[in-house]
Structures are given as C-alpha cells and as structure tokens.
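Residues per chain, in single letters:
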Amino acid sequence: GTDAIPAHPLLFVGNSRRAERWIVAEAVAHGHVPALYGAEWEDTPFAALVQGESLPNRDLGTWYRRAAIVLNDHWPDMAQHGFLSNRLFDVAMAGGFLISDRAEGAEIFGDPLVQVDSGAALDAAIRHYLAHPEDRRRRAAALHETVRHQHSFARRATEILARVRMLLARSGAPVSPD
C-alpha cells in the first residue's frame, strides 16, 4: 500500500528516452543523488540510481507528495514551443514540490514554480529547498491552488466550449444553449 512509499529527498520519474535528461545529469554532476523511476536507463551513467522501472499510476500522487523535491524536464523543442510537461500539472495537483527546467509558457504557474536554466542554479535550488522545508510547503500549496483553480480539466473544457460557441456564432451556424 501507500504506507510503503518512501519519502525521497530527490525524485525523478521518467524514462531515459535514450537521450540525456538534462535535469538528472546536472543534479548528479553537482553531487546530488536523485532516485530514478523509469525505463531505458541501463546504458546510461545513471543506471545505479534506478529504483524501479515504473510506478503504479494510482500511487503516483503519493510518491510526488512524499518526495522533498520532484525534478522535471522537457524535450528542448517542446520547452521552446510551449508544450508543458504533464508532470508539472500532476505534481502540483498532488501537492508536491518541484524544480523544473525553463519552458516557454510555464509562467502560467506563476512564482510558485521553481525553474532553473543552469546546473549551478539547479544545485543552488536543490540545496536551498532541501534546507528549507517551509519554503517547499508554501510553494507546493500555492502551486496546487493555482493548478486546481486555473488549470483543471473542467476549466479547460469550459474554455474550449466557449471558443467553439464563439466560432460557431461567427460562422452563422446555430449554437445550442448547452
């Protein structure tokens, strides 16, 4: 059950993608030891950090909440074009604290999201937030509220419906009330 879920100081959940995961490589280069959960890490310098190939989806929120810091990164082209990682939303909704690389569009999360763009900044952020659990809790709570109120599926569905109705109205097509 969820009682057995550890409280890792640093957690990264994701496959290696057989490419360098920047946030993992930089954390390790600066002396940190993230617990990795994911596939295809065998042939990387980080194979020894792998704790498991996968985590059950139903427990993922508990893993995120129990970790002191969850690390997140993006494919460079996705970050550049504003395709935000689902992990940002998942960790926030779970009430976890995360540090992410920078991504275009991530300002929707506001100040509570800690973003870094260099190994030195990542190292400083990890050291600061491991030493200041109250800062982590405050940011995690603020991030949770932001996502819960502004970025829920219900909120997105409402926005999409409003835009579809507007486009239909412009086209002269009949628009049903609901």
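Residues numbered from 1 in each chain as written. Predicted model: local features only at pLDDT ≥ 70, side-chain atom pairs only at ≥ 80, totals over all residues. Heavy atoms only, no water.

Peer 1: A description of helix H4 (residues 86-94) should follow, citing residues and the corresponding values.
Peer 2: Those residues of H4 that fall on the buried side of the exposure criterion are Arg-87, Leu-88, Val-91, Ala-92 and Ala-94. The arc that holds the buried residues of H4, viewed along the axis, is 165°, so those residues lie on one side. Close packing links the buried residues of H4 with strand E1 (10-13), helix H2 (60-66), strand E4 (69-72), strand E5 (98-101) and helix H6 (133-150). The opening residue of H4, the one whose side-chain oxygen lies 3.0 Å from the backbone nitrogen of Arg-87, is Ser-85. Backbone geometry just downstream of H4 places Gly-95 in the positive-phi region, at approximately 85°. (Buried < 20%, exposed > 50% of the residue type's maximum accessible area, 1.4 Å probe, protein only. Helix = DSSP H or I, 4+ residues; strand = E, 2+ residues; numbered from the N terminus. Arc of directions from axis to C-beta. Contact = heavy atoms within 4.5 Å. Polar contact = N/O pair within 3.5 Å; in protein donor to acceptor, adjacent residues only side chain to side chain.)

Peer 1: So what about the nonpolar core? Which residues, and what values?
Peer 2: Nonpolar side chains in soluble globular proteins tend to end up buried together. Counting residues in hydrophobic clusters, the biggest one holds 24 residues, and the most contacted among them are Leu-11, Tyr-64 and Phe-109. For this core, the elements supplying multiple residues, two or more each, are E1, strand E2 (35-37), H2, H4 and H6. Looking at which element gives the most residues to this core, the answer is H4, with 4 residues. What Leu-11 contacts, discounting residues up to four positions off in sequence, is Ala-35, Tyr-37, Trp-63, Tyr-64, Ala-67, Ile-69, Val-70 and Leu-71. (Core = buried A, V, L, I, M, F, W, Y, C linked by side-chain atoms within 4.5 Å.)

Peer 1: Give a description of the pattern of salt bridges that names residues and reports values.
Peer 2: On inspection of all chains with the given rule, the structure shows 6 salt bridges. The residue Asp-73 makes a salt bridge to Arg-21 at a minimum N-O spacing of 2.5 Å. Of the two residues, Asp-73 sits in the loop between E4 and helix H3 (76-80) while Arg-21 sits in the loop between E1 and helix H1 (22-29), which places them 52 residues apart along the sequence. Neither residue differs from the other here; Asp-73 and Arg-21 are each classed as buried. In this structure, Arg-138 engages Asp-135 in a salt bridge whose closest nitrogen and oxygen atoms are separated by 3.7 Å. A residue pair is termed a helical-turn pair when its members lie 3 or 4 positions apart in one helix, as Arg-138 and Asp-135 do in helix H6 at 3 residues. Given the relative accessible area of 49%, Arg-138 is considered partly exposed. (Salt bridge = Lys/Arg side-chain N within 4 Å of Asp/Glu carboxyl O.)

Peer 1: Describe the pairing of E4, with residues and values.
Peer 2: Residues Ile-69 and Leu-71 of E4 are buried on one face, and the alternating residues Val-70 and Asn-72, pointing to the opposite face, are buried as well. Strand direction decides the pairing type here: E1 and E4, joined by 2 bridges, are parallel. Bridged to Leu-10 within E4 is Ile-69. Pairing analysis gives 3 bridges linking E4 to E5, with the strands arranged parallel. Bridge pairing links Leu-71 to Ile-99 in E5. (Pairing = 2+ DSSP bridges.)

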